[in-house]
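# Commentary on secondary and tertiary structure
The chain contents come next:
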Amino acid sequence: MTVYDALFSRSGAQLAGSAIRQMGILAAGRPDLISFAPGYPDPETFAWGAYRDIADDLFRAADRDTLQYGPTRGYAPLIETVVSRLRDRGIACSAAEVLLTTGSQQGLDLLTRVLVDPGDVVLVELPTFTGAIAAFRNAQAALVGVRQEADGIDLAHLDEVLHAQRAAGRRVKFLYVVPNFQNPTGLLMSIAKRHALLAWSAREQVLLVEDDPYGDLYFEDVTSAAETRPIKADDQDGCVVYLQSTSKTLAPSFRTAWVVGPAPVLARLDVAKQSTDLCSSTLDQRIVQEALTRGLFDTQVPQLRQVYARKREVMSAALQAHAGDLVGWTPPRGGFFLWVTGPDGLDTRRLLTPAIEHGVIYVPGAPFFVDGTGAATLRLAFSATSEARIEEGIGRLAGVMRRAAAASAPSLPQATR
Ligand SMILES: Cc1ncc(COP(=O)(O)O)c(C=O)c1O
């Protein structure tokens, strides 16, 4: 309690932080700590030379607009580039259907502000991205979880949940999904489920919010780009709002992402953004535009796929070697995350303090679940850590788990794969 508490608005007082950001604070100032917590890209992959050239060219050209405020919608040439690149992924849209945002996180926040009244239901996967949970909670949405299967959302459970909510007289506003290498599970939703979800959305008149920051980062065993085809690509009826970001491919510091959706929704988002930040950074958007049009993105991405596929291998092999008998996981086919399930009765939140004492940090799974489950799960990001440190960190983590298992019941059940 502080003397300021009485000043906070109801919504200000109940603002929820992101669990992952809190892990970042715990890890700050501890270089010895091996962090598998935040979903950061590998800093070794940042294309310093190319950005130096781009920035140099932009500053030498001294176009006044480079350092000026820009339109709220975003830098028009970048919007055109986005429209054309989305076409390559099967999404046909016009500039009126695109809004550039300060990261996809802002897109999620703006969307919730324009779509959700307090008490409206937002459906999410169990588990789902904590940044989305925070944005939805802060708009006082009622969050309701839908189970996942190995190939994505459980459609039967989705129907069940929707009908139960409607029977209780609640308004269901949208379903939030991350079909490509989901954060936190790494799951890839099957094409059949994507089609079924789109049909469900049209039939039930519930908007789909499709968040796709990892779709470009598929590994060698995803044989066809068709497997990561956005749901939005088949959306003829304006059922889907699609978000894409350059954070996981170019660099998160540019904070450049976009929302694509029906023009009337986008128009409301534009107004909401005006009072948030007037416009995203003009300089960042110009750098991203150059990175896309000069071919940097297209040369970077295949290299990133190799880097992250290799790290996924290293982490998976280390887990197998050190903790294969303790926990289960399915190696992801893309993205940044390996999702681990321990034996029933394990609470990974309780392991966090000993893990930090032994120099390793991860994100406990529970904050990704809106229904209070998930205690036995945890998320490991393999993206930012070097291969040598991944091996070392998994060894440390396995040691912590093994000591906890030995200290608890003598017959702690073994995990199933
Ligand atoms: C699923 C998902 N959506 C959105 C974001 C936010 O990305 P951005 O950096 O574009 O705000 C992340 C970042 O981790 C994410 O994993």
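Structure: above.
The paragraphs below set out a description of the structure included in this document. Since the structure is predicted, the reported quantities are computational estimates derived from the model, not experimental observations. (Residues numbered from 1 in each chain as written. Predicted model: local features only at pLDDT ≥ 70, side-chain atom pairs only at ≥ 80, totals over all residues.)

As a matter of local geometry, the ligand sits amid 14 residues, with G103, S104, Q105, S245 and S247 nearest to it. Each residue belonging to the shell around the ligand can be placed in one class, and the counts come to five nonpolar, eight polar and one charged. (Near = placed C-beta within 6 Å. Nonpolar A, V, L, I, M, F, W, Y, C, P; charged D, E, K, R; others polar.)

A few words now on helix α9 (residues 263-277). For α9, with 15 residues, the first-to-last C-alpha span of 21 Å sits near the 21 Å given by 1.5 Å per residue. Tucked into the core, α9 has its buried residues touching β2 (98-102), α5 (103-115) and β9 (256-260). Downstream of α9 by a residue or two, L278 has a phi angle that is positive, lying close to 65 degrees. (Helix = DSSP H or I, 4+ residues; strand = E, 2+ residues; numbered from the N terminus. Expected span 1.5 Å × (residues − 1). Contact = placed C-beta atoms within 7 Å.)

Below, the discussion takes up the pairing of strand β4 (residues 142-149). Looking at chain direction, strand β3 (residues 121-126) and β4 are connected through six bridges and run parallel. Among the inter-strand pairings, V122 is bridged to a residue of β4, identified as L143. With respect to chirality, the unit in which β3 leads through helix α6 (residues 130-138) into the neighbouring parallel β4 is right-handed. The pairing of β4 with strand β5 (residues 152-153) spans two bridges and is classified as antiparallel. Bridge pairing links Q148 to I153 in β5. The hairpin formed by β4 and β5 contains two residues between the paired strands. (Pairing = 2+ DSSP bridges. Right-handed = clockwise from strand over helix to strand, strands pointing away.)

Moving on: the packing of α5 against α6. At their nearest, the axes of α5 and α6 sit 9 Å apart, and the two run at 30 degrees to each other. Of the possible angle classes, the one that applies to α5 and α6 is roughly parallel. Our pair here, α5 against α6, has a crossing hand that is right-handed. Judged by residue contacts, Q105, L108, D109 and T112 of α5 engage G131, A132, A135 and F136 from α6. Of the residues contributing to the contact of α5 with α6, the split by class is four nonpolar, three polar and one charged. (Axes fitted to C-alpha atoms, helices over the stretch in contact; angles between N-to-C directions. Parallel < 35°, antiparallel > 145°, perpendicular 65-115°, else oblique. Left-handed = near helix turned anticlockwise from the far one by under 90°.)

What follows concerns unusual backbone geometry. For the bond running from L126 to P127, omega is -5 degrees, close enough to zero to count as cis. With respect to the helices and strands, the residue P127 is situated in the loop between β3 and α6. Omega for the bond connecting N183 with P184 falls within 30 degrees of zero, at 20 degrees, which places this linkage in the cis form. Turning to its location among the elements, P184 is positioned in the loop between β6 (172-177) and α8 (191-204). Despite not being glycine, Q140 shows a phi value in the positive range, around 60 degrees. Mapped onto the elements of the fold, Q140 is located in the loop between α6 and β4. Judged by the 15 C-beta atoms lying within 10 Å of it, Q140 is partly exposed. Positive phi, close to 65 degrees, is recorded for L278, a residue that is not glycine. Structurally, L278 can be placed in the loop between α9 and α10 (282-293). With 11 C-beta atoms packed within 10 Å, L278 lands in the exposed category. (Buried ≥ 20, exposed ≤ 12 C-beta atoms within 10 Å, placed from the backbone.)

Once that is clear, we can look at the packing of helix α4 (residues 76-88) against α10. Contact geometry for α4 and α10: axes closest at 9 Å, N-to-C directions at 40 degrees. By the angle between their axes, α4 is oblique relative to α10. The crossing of α4 and α10 is left-handed. Contacts from P77, L78, T81 and R85 in α4 reach Q285, V288, Q289, L292 and T293 in α10. Partitioned by chemical class, the residues of the contact of α4 with α10 number four nonpolar, four polar and one charged.

Sheet architecture is open: eight strands sit in the order β2-β9-β8-β7-β6-β3-β4-β5, paired in mixed fashion. Edge positions in the sheet fall to β2 and β5, since each has one partner strand and no second. In the sheet, strand β8 (residues 240-245) pairs with β9 via four bridges, with the strands oriented antiparallel. Paired with Q244 across the two strands is W258, which belongs to β9. The strands that helix α7 (residues 155-167) touches are β3, β4, β5 and β6; relative to β4, the one it contacts most, it runs at about 160 degrees.

As far as function goes, none of this settles anything; it's purely spatial.
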